[in-house]
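# Analysis of the macromolecular model
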Amino acid sequence: MSASTTTQKGPLAAQLAALSMPAVLFTVAMIAFPFCYTIWLSFQSISPTGMTRFEGVGNYVRMVGDDQFWNGIYVTAYLYLLSLFLQLVLGTALALLLFRAKKLPGIIRSLFISPFMMPPVVAGMMWLVILDPSLGAANYILTSLGLPPSAWLASPGFVVPTLALIDTWQWTPYVALIVLGGLQSLPPSVYEAAEIDGASRFRIFYRITLPLLLPTLVTATVLRSVDLLRFFDLIYITTQGGPANASTTLNIYGFRTGFEFFQLGYASALMVTLSVIVLGTVLVLNRLRNTVAW
Amino acid sequence: MQLPLNLSRAFAAALLATTAISGAAAQDFDWKAHQGETITFLANNNPWATNVLKYKDEFEALTGITLRVDTYQEQQMRQRLLTVLNAHSDEIDIFMTLPSREGRQFAAAGWYRDLKSYTQNAVSPDYDFDGFGSALVEAAVFDDVLTGVPLNIEGPILYYRKDIFEKCGLGAPSKLEDLPEISAKLKECAPDVTAFASRGLKPALPYTFSNFLHNVGGSYMKDGKSNLCSDEGKKAIGLYANLLKDYGPPGAVNYSFYQLTSLYREGRAAMSFQSSNEFPAVMEGGARLEDTALMPLPAGDGGSHPTTIGWALAVSNFSSNPDAAWYFVQWASSPEMQAKLALEGIAPPRNAVAENAGYKAWLSEQPVRQEWQTALGHLADQGTSEVGYPIIQNPESREHIGQAVDAVLLGTSTVEEACAEADKQLNALIERE
């Protein structure tokens, strides 16, 4: 390497560093600082009147003995697993339908994917009206068909499945779009070979499509996991965590603890814990994605 | 415990009396004194703010002050407020506040500017601070600090269907303890409608439940301890929860003002115990104008102690323009403005406005409007602003009250189990304070 190249590299590196500085500063200001500040807050006791004192790990110790925390973990996990399962299954099915129906008019395709473009608050208000046990359309349809009405969001046993169904209605098209992208990138030669060998459609799907789609499905899982583990807006609009605490996810519990009950230190500890859960899940899923990559 | 409003008038009178000596200051009052300044108002997107902000240009023309407005729904407004006040930021000069909910907390934190001296020394000649109902003024006083100026008066009242009651041969309920029997008869006679509806949503129900508790003679605290497991407390929890469980709408556990208004307006409830503020929304479309009667919750064994609260307008203690901010408070709570708002169905906190000829003419257009005003008069005379525990952590106390009632409503606990669990949690909360 000549001396002139080395001297040229120095200013180039400096220029590149200067160019990326705004992005670095933005990241630090908008992500790193709030996160570090929340961690610092989680070690404080902050009273509703704003008095602050160092609490050490007291907030985390309190969490272990807090029934509401464990209820939040349970509801978060239940809602996450149920919603994710439904969205992956139905999203894949919808993607296969859209992939095969190549002549489907654009307007129909747009209708299929329109729910996830709707703001969650609007979707929440809409479903709140539809599922109202007294005045809503859902029970009207059920009773018109001779079926018993449901309490939907007002039933402690049915509220989480109902929320999962609403979220599935909204986000299945998003999963379908990701899977559709994956389907379009699959090598046609493999399918040609399978057809020549006389493989059935089900066998082709089970033995070829699904294994080849795994990296795409894991990507969809990662993206949905981040949202589902932080599930908030739909619950906040429809049930506020009720009835009783049947839909109080960890995120809802942390929010209410902080902004309604003014215990910012404890709420920060809850949020740090939730962040660790989200981060841990994403890391595990990313490793899984590497193992299924082809 | 917060004093019943009728007993506290003497306390507020001292504050009101001091305004009498402020006549000289009023004569020197200049609306243009803060011309060119800018103030920021954090508003709750409710009918009061919506209506008053229609006249924003008039305020700016009158004072030369630029008014910036930040409007949010109530919950979001409170989040923003908490963040700003906790940071001691001067970003917000004026905000709407519910003294019955956060008054004690915000006052203890020193977040309110004391408006007492403003009401004495910086008022226009026609402001008439004495004209506010003394009970509402007192409800906004914490530790001798006047935290806000009353904007309205509200509380839960009983909306009921005269036609259904008549069809079923029933008269208006005269005693709280009669409600289950009346509801049972309504359920049998008019099975297509819900006999009794009220709030069931956990954080929202203390607003209506408190009236039940006080009317049966109960109280939230006694000798510094939670008192929900007293005989009266258990009676109130049982009565309220079982009314909703046996005669309430399906899904009552998620009911707040929105569902109650929709249900009653659609003609699907025979009785609905809900906010007086919802009166214009309930009457929207006119379907309920002719067949509805209004009354305070019937008295119980402990008498009649309706829940009476009101929004107030406060100035932040961290405002860099408190004097200009007070000008907005004064303009927005003036007799002239409150008379205009009364015609939009916002119950006036000033006695003089209730006597205003225009307002009286509006009331006389429909008998139900007159009943609404009569019920509000009862709330003003007999009301208590105790919604939840009279502690700094009042919002969290409401959570435990709601949890106890909902546990009985959902059938997951007996009254004894629910009140015992609530008392345990609430005593821990009181101790933590």
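Residues numbered from 1 in each chain as written. Chains lettered and ligands numbered in written order. Predicted model: local features only at pLDDT ≥ 70, side-chain atom pairs only at ≥ 80, totals over all residues. Heavy atoms only, no water.

### What about the domain arrangement of chain B?
Residues and elements named next belong to chain B. Under the domain assignment used here, chain B contains domain 1 (5-153 + 309-381) and domain 2 (156-307 + 384-432). For domain 1 and domain 2, the distance between their C-alpha centroids amounts to 29 Å. Contact with domain 1, which involves 21 residues of that partner, is made by 26 residues of domain 2. Taken over both partners, the interface formed by domain 1 and domain 2 buries close to 2100 Å², and the fraction arising from carbon and sulfur atoms is 64%. (Domains from an automatic or database assignment. Contact = heavy atoms within 4.5 Å. Buried area = accessible area lost by both parts, 1.4 Å probe.)

### Considering helix H12 (residues 231-247) of chain B
One turn of an α-helix holds 3.6 residues; hence residues three or four places apart share an orientation. Residues and elements named next belong to chain B. For H12, which comprises 17 residues, the first-to-last C-alpha distance of 23 Å matches the rise-based estimate of 24 Å (1.5 Å per residue) to within 8%. All of the buried residues in H12 are Gly 233, Ala 236, Ile 237, Gly 238, Leu 239, Tyr 240, Ala 241, Leu 243, Leu 244 and Tyr 247. Looking at the buried residues of H12, the elements they touch are helix H10 (179-189), strand S8 (194-197), helix H11 (206-215), helix H20 (394-409) and helix H21 (415-432). (Helix = DSSP H or I, 4+ residues; strand = E, 2+ residues; numbered from the N terminus. Expected span 1.5 Å × (residues − 1). Buried < 20%, exposed > 50% of the residue type's maximum accessible area, 1.4 Å probe, protein only.)

### Focus on the sheet that holds strand S3 (residues 94-97) of chain B
Sheets are built from strands paired through backbone hydrogen bonds, the pairs being either parallel or antiparallel. All names here are of chain B. Read across the open sheet, the 5 strands follow the order S2-S1-S3-S13-S6; overall the sheet is mixed. Both outer strands of the open sheet, strand S2 (66-72) and strand S6 (149-150), are each paired with one neighbouring strand and no more. Judged from the 7 bridges that link them, strand S1 (residues 38-44) and S2 form a sheet pairing that is parallel. Its bridge partner lying in S2, Thr 38 is registered against Thr 66. Along the sheet, helix H5 (residues 74-86) makes contact with S1, S2 and S3, crossing S1 at roughly 135 degrees. (Pairing = 2+ DSSP bridges. Axes fitted to C-alpha atoms, helices over the stretch in contact; angles between N-to-C directions.)

### Side note on the UniProt feature "domain: ABC transmembrane type-1" (unreviewed entry) in chain A
When the UniProt feature table is mapped to this numbering, "domain: ABC transmembrane type-1" (unreviewed entry) covers residues 73-283 of chain A. Annotated as residues 73-283 of chain A, this span is 73% helix and 0% strand, and its ends, taken at the C-alpha atoms, are 19 Å apart. (UniProt positions renumbered as here; feature names shortened; annotations may be inferred.)

### Some points on the UniProt feature "transmembrane region" (unreviewed entry) in chain A
Residues and elements named next belong to chain A. Under the local residue numbering, the UniProt record ascribes the feature "transmembrane region" (unreviewed entry) to residues 12-40, 77-99, 111-130, 150-183, 204-223 and 264-285. Structurally, residues 12-40 comprises 100% helix and 0% strand, and the distance from its first C-alpha atom to its last is 38 Å. Helix and strand shares over residues 111-130 are 70% and 0% respectively, and the end C-alpha atoms of the span are 20 Å apart.

### A short note on the domain arrangement of chain A
Residues and elements named next belong to chain A. Segmenting chain A into domains produces domain 1 (3-41) and domain 2 (65-292). Taking the mean C-alpha position of each, domain 1 and domain 2 sit 36 Å from one another. Each partner contributes to the interface: domain 1 provides 4 residues, whereas domain 2 provides 4 residues. For the pairing of domain 1 and domain 2, the buried interface totals around 360 Å² over both sides, and the portion due to carbon and sulfur atoms is 79%. Taken as a group, Phe 35, Thr 38 and Leu 41 account for 89% of the area that domain 1 buries against domain 2, more than any other trio of residues on that side. Viewed at the interface, domain 2 and domain 1 are joined by 0 salt bridges. Linking domain 1 with domain 2 are 0 residue pairs in polar contact (both at pLDDT 80 or more), by the criterion used here. Along the lines of polarity and charge, the residues of the side of domain 1 that touches domain 2 split into 3 nonpolar, 1 polar and no charged. (Salt bridge = Lys/Arg side-chain N within 4 Å of Asp/Glu carboxyl O. Polar contact = N/O pair within 3.5 Å; in protein donor to acceptor, adjacent residues only side chain to side chain. Nonpolar A, V, L, I, M, F, W, Y, C, P; charged D, E, K, R; others polar.)

### Observations regarding the sheet that holds strand S7 (residues 156-161) of chain B
All names here are of chain B. Pairing in this open sheet of 4 strands is mixed, and the strands run S8-S11-S7-S12 from one edge to the other. Edge positions in the open sheet fall to S8 and strand S12 (292-295), since each of these has one partner strand only. Going across the sheet, the axis of each strand differs from the next one's by a mean of 20 degrees, ignoring polarity. For S7 and S12, the ladder comprises 4 bridges, and the chain directions are antiparallel. Bridged to Tyr 159 within S12 is Leu 294. H11 contacts S7, S8 and strand S11 (269-275) of the sheet and is inclined by roughly 100 degrees relative to S11.

### Considering the pattern of salt bridges
Residue and element names in this part refer to chain B. Inspection of the entire model under this criterion finds 28 salt bridges over all chains. The salt bridge partner of Glu 58 is Lys 340, with a shortest N-O separation of 3.4 Å. One end of the pair, Glu 58, is in helix H4 (residues 56-63); the other, Lys 340, is in helix H16 (residues 335-342), with 282 residues separating them in the sequence. We note a salt bridge from Glu 365 to Arg 369, for which the minimum N-O separation is 2.8 Å. When its relative accessible area of 16% is taken as the criterion, Arg 369 is described as buried.

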